[in-house]
Amino acid sequence: DGDASVSVNAIDASTGALISPPGVRVPVGLNPHSVTVDPSGKFAYVTNRGSNTVSAFTINSGTGALTEVAGSQFTAGPGPRSVAVDPSGKFAYVANGDIPASVSAYTINSGTGVLAPVSGSPFALAQADSHPLWVTVDPSGKFVYTANQATGDVSAFITNPATGALTLVGTVASGSSP
C-alpha cells in the first residue's frame, strides 16, 4: 500500500473468500511490496521497497492478529521486492531489485521470528543490473531462484543447509521481464 501498511483479513474456511468488512491495517515500512508466511504459520514477513527493510510479525493463531517482532524492521539490500521462507522455516530470502542486484539471506529464530543476516549476505547475482523481482525456494529447500526482470533470466543458487548461505550456480534465459 502507498500508506505503508498491510491489511489483515479473515478467510472463509469453506470458500477461501476474504470476509468483509475490510481487514485491519498494520503499519510496515515504506512501499510494502510482498508478504509471506513461514511454514509453521507463526510468522509473517513483508518487504518494504521504499525503506530497504523487512518487517516481521508474529501471527496470533486464534485471531490472525499481527504483532511486530522485536527489532523489526530488519535491514535488506536495495529495493527489496519479494521474500520467501524455506520449507524448514529456518531461513528467509529476499530479492533485492535495485542496483546492485542481490539476495539477502537470514536465519529465522524459531521462537521469536527475529531475522539475523547470514554470513556473506547479501549474495550477488551474475549481473548487478538484473533487477530480481521474485525469489522462491524449491520444495526440498536445496535451491533458491530469482526472476530477473531487466536481464530476462532466472538465477539459481544452491543453499548451504547448515548456514543458509547461497552460492550462485547459474543463470538461464527465460524471456522478457520474467
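Source: prediction; values computed, not measured. (Residues numbered from 1 in each chain as written. Predicted model: local features only at pLDDT ≥ 70, side-chain atom pairs only at ≥ 80, totals over all residues. Heavy atoms only, no water.)

Caption draft 1: Structural detail: the nonpolar core. Core analysis: the largest hydrophobic core is formed by 16 residues, its most contacted members being Y93, V103, F123, V135, V144, F157 and L166. For this core, the elements supplying multiple residues, two or more each, are β9 (91–96), β10 (102–108) and β13 (132–137). Here this core takes three residues from β9, the largest share from any one element. What L166 contacts, discounting residues up to four positions off in sequence, is Y93, V103, F123, V144, F157, I158 and T159. Among the nonpolar cores identified, the runner-up in size contains 14 residues, and F43, V54, V69 and A76 belong to it. (Core = buried A, V, L, I, M, F, W, Y, C linked by side-chain atoms within 4.5 Å. Buried < 20%, exposed > 50% of the residue type's maximum accessible area, 1.4 Å probe, protein only. Helix = DSSP H or I, 4+ residues; strand = E, 2+ residues; numbered from the N terminus. Contact = heavy atoms within 4.5 Å.)

Caption draft 2: Structural view of the side chain of S102. Here S102 lies in strand β10. For S102, a relative accessible area of 4% puts it in the buried group. Not counting the four nearest positions on each side in its chain, S102 is found in contact with V94, A95, N96, P122, F123, A124, L125 and P132.

Caption draft 3: Expanded view of the pattern of salt bridges. Evaluation of the coordinates by the stated rule reveals two salt bridges. Note that D98 is salt-bridged to R49, the shortest N-O span being 3.7 Å. With D98 in the loop between β9 and β10 and R49 in the loop between β4 (43–48) and β5 (53–59), this residue pair connects regions lying 49 residues apart in the sequence. Of the residues examined, R49 reaches a relative accessible area of 35% and is grouped as partly exposed. Of the charged contacts in the structure, one is a salt bridge between D98 and R81, with a shortest N-O distance of 3.0 Å. (Salt bridge = Lys/Arg side-chain N within 4 Å of Asp/Glu carboxyl O.)

Caption draft 4: Spatial organisation of the sheet that holds strand β16 (residues 166–173). What the four strands build is an open sheet, ordered β13-β14-β15-β16; its pairing is antiparallel. Each edge of the open sheet is held by one strand with a lone partner, namely β13 and β16. Looking at each pair of strands side by side, their axes are set apart by 20° on average, direction ignored. With six bridges joining them, strand β14 (residues 143–148) and strand β15 (residues 153–159) adopt antiparallel strand pairing. Within β15, the residue paired with A147 across the bridge is V154. (Pairing = 2+ DSSP bridges. Axes fitted to C-alpha atoms, helices over the stretch in contact; angles between N-to-C directions.)

Caption draft 5: Highlighting unusual backbone geometry. Going from S72 to Q73, the amide bond is cis rather than trans, its omega being 25°. Backbone torsion omega between S121 and P122 reads 5°, so that peptide bond is classified as cis. With respect to the helices and strands, P122 occurs in the loop between β11 (115–117) and β12 (123–124). Positive phi outside glycine occurs at N31, with the angle close to 50°. Summarising the element assignment, N31 is placed in the loop between β2 (24–27) and β3 (32–37). Given the relative accessible area of 43%, N31 is considered partly exposed. Even without a glycine there, the phi angle at N52 is positive, about 55°. With respect to the element layout, N52 can be found in the loop between β4 and β5. Overall, N52 belongs to the partly exposed group, its relative accessible area being 31%.

Caption draft 6: Representation of the pairing of β16 in the model. As judged from the seven bridges shared by β15 and β16, these two strands associate in the antiparallel manner. Looking across to β16, one finds that T159 is bridged to L166. If you look at the hairpin formed by β15 and β16, you'll find six residues sitting between the two strands, and G164 has a positive phi there, around 85°.

Caption draft 7: Spatial organisation of the environment of S177. Among the secondary structure elements, S177 is positioned in the segment after β16. A residue is classified by how much of its surface remains accessible, and S177, at 42% relative accessible area, is partly exposed. When the C-alpha positions of S177 and Q149 are compared, they lie 4.2 Å apart, and in sequence the two are 28 residues distant. Contacts of S177, omitting those with residues within four sequence positions, involve Q149 and G152.

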